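Chain by chain, the residues:
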Amino acid sequence: MTKTEFEHGTAGGMRIHVLPTRRFKTFAISLYAGSPLAEDTVTTTALTPFVLRRGTVSYPETRAFRERLEQLYGAGFGFDIYKRGDYQIVHFRMDTINDSFVNSPESLLSSSFAFLGEAFTEPVLENGAFRKAYVQTERDTVRKKLESIVNDKIRYAAERCIEVMCKDEPYRLHPLGERKDLEGITPEGLYQAYRKWLDESVLDLYVVGDTSLDEVKKLVEEHFKLDRTKTKDYKPSVTRAAARDTQTVIEQLDINQGKLNMGLRSTITYGDDEYAAALLYNGILGGYPHSKLFVNVREKASLAYYASSRYDGHKGIATIQSGIEVQNFDKAVDIIRKQLDDMAQGSITDIEMSQTKAMIRNVIKEMQDSAFEMIAYDFNRQLSGKERTPDELLDQVDRMSADDVKQAASAFSLDTIYFLKGQKEE
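Residues numbered from 1 in each chain as written. Predicted model: local features only at pLDDT ≥ 70, side-chain atom pairs only at ≥ 80, totals over all residues. Heavy atoms only, no water.

**Details of the overall build of the protein**
Within the protein one finds 15 helices and 13 strands. A globule of 426 residues ought to have a C-alpha radius of gyration of about 22 Å, and the protein, at 23 Å, matches this closely. Considering only C-alpha atoms, the protein reaches an extent of 65 × 50 × 35 Å along its principal axes. Expressed as a percentage of the 426 residues in the protein, the buried residues total 55%. About 19000 Å² of surface is accessible on the protein, with carbon and sulfur atoms providing 45% of the total. (Helix = DSSP H or I, 4+ residues; strand = E, 2+ residues; numbered from the N terminus. Rg over C-alpha atoms; globule rule 2.2 N^0.38 Å. Buried < 20%, exposed > 50% of the residue type's maximum accessible area, 1.4 Å probe, protein only. Areas by Shrake-Rupley, 256 points an atom, 1.4 Å probe, with all protein chains shown as cover.)

**Quick look at the environment of glycine 263**
Its place among the elements puts glycine 263 in strand β10 (residues 258-266). Sequence spacing of glycine 263 and glutamine 321 is 58 residues, and the spatial spacing of their C-alpha atoms is 9.1 Å. The contact partners of glycine 263, leaving out residues within four places of it in the chain, are Cys161, Met165, Ala318, Ser413, Leu414, Asp415 and Thr416. (Contact = heavy atoms within 4.5 Å.)

**Description of the sheet that holds strand β2 (residues 14-20)**
Taken together, 6 strands build an open sheet; the order of strands is β1-β2-β8-β3-β5-β4 and the sheet is mixed. Only two strands of the sheet have a single partner each, and these edge strands are β1 (7-11) and β4 (76-84). Here the average twist between neighbouring strands, direction ignored, is 20°. Of the pairings in the sheet, the one linking strand β3 (residues 26-36) to strand β5 (residues 87-97) comprises 11 bridges and is antiparallel in character. Each bridged residue has a counterpart across the sheet, and for proline 36 the counterpart in β5 is tyrosine 87. Sitting on the sheet, helix α8 (residues 213-223) is in contact with β1, β2 and β8 (202-209), with an inclination near 25° to β1. (Pairing = 2+ DSSP bridges. Axes fitted to C-alpha atoms, helices over the stretch in contact; angles between N-to-C directions.)

**Comments concerning the environment of alanine 307**
Relative to the elements of secondary structure, alanine 307 occurs in strand β11 (residues 304-312). Each C-alpha atom of the pair alanine 307 and glycine 287 lies 9.3 Å from the other, and the pair is 20 residues apart in sequence. When neighbours within four sequence positions are excluded, alanine 307 is seen to be in contact with Leu293, Phe294, Val297, Gln321 and Ser322.

**Overview of the packing of aromatic side chains**
Using the criterion set out here, one finds 25 aromatic pairs in the structure. Note on phenylalanine 6 and tyrosine 206: the rings are 5.3 Å apart at their centroids and 90° apart in plane angle, and the pair reads as edge-to-face. Here tyrosine 206 lies in strand β8 and phenylalanine 6 lies in the segment before β1, a separation of 200 residues in the sequence. A residue is classified by how much of its surface remains accessible, and tyrosine 206, at 0% relative accessible area, is buried. Judged by centre distance (6.3 Å) and plane angle (40°), the rings of tyrosine 194 and tryptophan 197 are tilted. Placement of the pair is tyrosine 194 and tryptophan 197 together in helix α7 (residues 187-200), with a separation of 3 residues, close to one helical turn. Look at tyrosine 194 and you get buried, because its relative accessible area is 0%. Of note, arginine 388 hangs over the ring of tyrosine 270, and the distance from its end group to the ring centre comes to 4.9 Å. (Phe/Tyr/Trp six-rings, centres within 6.5 Å; stacked < 30°, edge-to-face > 60°. Lys NZ or Arg CZ within 6 Å of the ring centre and 35° of its normal.)

**Quick word on the pairing of β11**
Relative to strand β12 (residues 317-324), β11 is paired through 8 bridges, and the arrangement is antiparallel. Note that in β12 the partner of tyrosine 306 across the bridge is glycine 323. Once β11 ends, the chain turns through 4 residues before running back antiparallel as β12, passing glycine 316 with a positive phi of about 75°.

**A short note on the pattern of salt bridges**
Overall, the coordinates contain 31 salt bridges when judged by the stated rule. Notably, a salt bridge pairs glutamate 5 with arginine 381, separated by 3.5 Å at the nearest N-O pair. Highlighted residues: glutamate 5 in the segment before β1 and arginine 381 in helix α13 (residues 371-384), separated in sequence by 376 residues. Take arginine 381: its relative accessible area is 7%, and that puts it in the buried class. Across the pair aspartate 395 and arginine 399 runs a salt bridge whose closest N-O atoms are separated by 3.0 Å. With aspartate 395 and arginine 399 both in helix α14 (residues 390-399) and 4 residues apart, the pair spans about one turn of that helix. The structure contains a network of salt bridges with shared partners spanning Asp86, Glu169, Arg265, Lys315 and Asp415. (Salt bridge = Lys/Arg side-chain N within 4 Å of Asp/Glu carboxyl O.)

That is the geometry; function is a separate question.
See below:
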């Protein structure tokens, strides 16, 4: 496999990670800002990048902001907000063509850093705070995004399951914040929260492309106006195995199809040696079309319209999602529980092992074809503190036996059963 080792350094109070390579025709730039999930900051942090994208000191109007990207040969700029373990992550991305492929009078990498640095650290202000019109508009943007989750009952049920399961933990919070807090956010209050976020968040900046660590360090020092004297680091998320009997929560909304979700806890996280076994456990359980949930719950028993599982390796939580007819609730719960019990007892076939290994292997290998996927993989290392190259993870997965997966299965316990059904159902 192609070597994918990043070079690491620090500059401007942030950690710098560079992969010098000529494999791609573009520069891929990622800036991650991570902060602990907390009720009093989650909504302001979520709103901040929406306001930052509206304008900077040099490009105060949104139209000028976007036109500057066009001048950079159509450079891409965007952001995501999500959670990894107990952290809320704001992820900015830029994708800029390599200078050698265009006849540009300016260094496109340097110009991109100037743009990103200003967007991140020099937003347009009005009376010493964010521009009022931008804050008002983007509050509505975030509100609509949160409302869209309620309207998408599959997503809503998944979020409610986590909220119920983790009601006393930061992990219950949605990374986009809470609707009830949006109206009270003022331009002044948001700007103060932004300054604190800028000072206290964990910052990781990545570049993949035909450059060097030294060049990127200089660009950071030149274009990021940060008043930070030292870098910060992530702390491992708090995990715990289920310490109580499985809880069942049933709620009603105006829907036709029931949504059955389950939450499992595990002490295995990304930083553990058993992570590869946990990956296989999730893959065999419900991660792929050949998985037990898909085959036994959806195909053989015809109990579910969809059935799958996901695993957050930074928190040690797995979730099961399925759509069922309301009258099939008990049957579906029983058969899903059987899949969990079977895996804990080692009922895992050679075909399930080989197919799941092949799927995981493909995901890891395909990652090498995307600069941003390689960045995302290395960022997992920063989040967890675990040094594990893609080749090492591939080797660990290949060496796993059914008994290893059985051992991992015993570390997962069913914590919560959440069922969302129609209001007219008895």
